[in-house]
Amino acid sequence: MTASDPDPVDDIVATIARSAAEIRQGLVGRRGKADEENPSGETQAEADIWADELLADRLSSIDGVGQYASEERSEIIDAGDDQVYIAVDPLDGSSNLKSNNTMGTVFGIYDEPLPAPGSALVASGWILYGPITTMACARDGSVTKYELTGGGRTVVEEDVTLPDEPLVYGFGGRVPHWHDDFREYVREIESDPGHKLRYGGAMIGDVNQVLTYGGIFAYPALEDSPRGKLRLQFEGNPIAYLIESAGGRSSDGSQSILEVEPTDLHDRVPLHVGNTGFIDQLEAALA
Ligand code: FDP
């Protein structure tokens, strides 16, 4: 690439931001279940498949893109180039479609073919379909928040960092399936009157609360699911990269999510992200 060549990362981020209004509008009339399962064995919503196709078409045709991979398809699309490789969760939290609650789109842009470790990320981010549509994007160690309107993007905050005083916590998985050491850790967090429960059932909504107020979100290892629920390439790595870029920490229970070596495109990972003190305390509790 020469200095005058367009940067594929800029193009990818701009394309996802531009597509957000269309994805949001396209949810109308697509809230039902499709008669299909994703590679993780979960029943797909019509909107999951539709958003994946829309993003696959747009992102795999950008110059410099080598691969498009998504939580909603088993095979990687070979896009022909070799600069960057994209992993997307087109609609995170799509179970929330039925009740009309928050959802998001998550993306990771890697400089190695997939599956790749989080250390190969060059940018990541998420769109949040809340009362308004926002985007958080991490690149070169710094995080920017945007408001999205139609095809436009307005910066609302640069160099975003987690607030020093953590306020919120949210933990996924059925409580009876939590391991005892994790349950005891949660009790410690809850016992501080300065902390509040916030759990909405869509990772992006919950992680965005952590970015805004400080705190911790986790979808831990469970007794019946030792690797938890969330997918490393599509959810774990992009979220970890952004939260670490905002001065927080991520952990699979003993190390940064970004250090976890993938063995398969659809690997799951126990995910814990948030303020450094909370994650240090978590790793001590699980050791
Ligand atoms: P969903 O299945 O609705 O797509 O990515 C998976 C995810 O949502 C996360 O967004 C969310 O945090 C989690 O699963 C919710 O799982 P539970 O229903 O087990 O709480």
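Summary of the structure given here.

Scoring rules and cut-offs
Residues numbered from 1 in each chain as written. Predicted model: local features only at pLDDT ≥ 70, side-chain atom pairs only at ≥ 80, totals over all residues. Heavy atoms only, no water. Buried < 20%, exposed > 50% of the residue type's maximum accessible area, 1.4 Å probe, protein only. Helix = DSSP H or I, 4+ residues; strand = E, 2+ residues; numbered from the N terminus. Patch = residues over 30% accessible without salt bridge, like charges linked within 9 Å, V, L, I, M, F, W, Y side chains within 5 Å. Areas by Shrake-Rupley, 256 points an atom, 1.4 Å probe, with all protein chains shown as cover. Salt bridge = Lys/Arg side-chain N within 4 Å of Asp/Glu carboxyl O. Lys, Arg positive; Asp, Glu negative; His and termini not counted. Charge placed at Lys NZ, Arg CZ, Asp CG, Glu CD. Pairing = 2+ DSSP bridges. Contact = heavy atoms within 4.5 Å. Axes fitted to C-alpha atoms, helices over the stretch in contact; angles between N-to-C directions. Polar contact = N/O pair within 3.5 Å; in protein donor to acceptor, adjacent residues only side chain to side chain.

### Some points on helix α4 (residues 203-213)
The element α4 is extensively covered by neighbouring structure, given that eight of its 11 residues are classed as buried. Every buried residue of α4 is listed here: Met203, Ile204, Gly205, Asp206, Val207, Asn208, Val210 and Leu211. Of the residues flanking the end of α4, it is Gly214, one or two places downstream, whose phi is positive at about 80 degrees.

### Some words on a negative patch on the surface
On the surface, a cluster of negative charge is contributed by Asp11, Asp63, Asp81 and Asp82. Of note, Asp11 is situated in helix α1 (residues 8-26). The partly exposed category is assigned to Asp11, whose relative accessible area is 32%.

### So, unusual backbone geometry
In this model, Leu114 is joined to Pro115 through a cis peptide bond whose omega is 0 degrees. When you line up the elements, Pro115 lands in the loop between β6 (103-110) and β7 (121-129). For Asn100, which is not glycine, the phi dihedral falls at a positive 55 degrees. For Asn100, the location among the structural elements is in the loop between β5 (84-92) and β6. Accessibility expressed as a relative area gives 62% for Asn100, which makes it exposed. Residue Asp140 is not a glycine yet carries a positive backbone phi of 50 degrees. The residue Asp140 is located in the loop between β8 (133-139) and β9 (142-149) in this model. By relative accessible area, Asp140 is classed as exposed at 70%.

### Considering the sheet that holds strand β13 (residues 215-219)
As summarised here, the arrangement of the five strands in space is β12-β11-β13-β15-β14, forming an open sheet in which the pairing is mixed. Across the chains shown, the open sheet's two edge strands, defined by having one partner strand only, are β12 (196-197) and β14 (249-251). Across four bridges, the pairing between strand β11 (residues 168-171) and β13 is parallel. Paired with Phe171 across the strands is Ala218, a residue of β13. The sheet contacts of helix α6 (residues 276-286) involve β11, β13, β14 and β15 (271-274), and relative to β14 the element is tilted by about 25 degrees.

### Quick word on the environment of Gln67
If you trace the backbone, Gln67 turns up in strand β3 (residues 65-70). Along the chain, Gln67 and Gln83 lie 16 residues apart, while their C-alpha atoms are 9.4 Å from each other. Side-chain polar atoms of Gln67 contact the backbone nitrogen of Leu114, separated by 2.8 Å.

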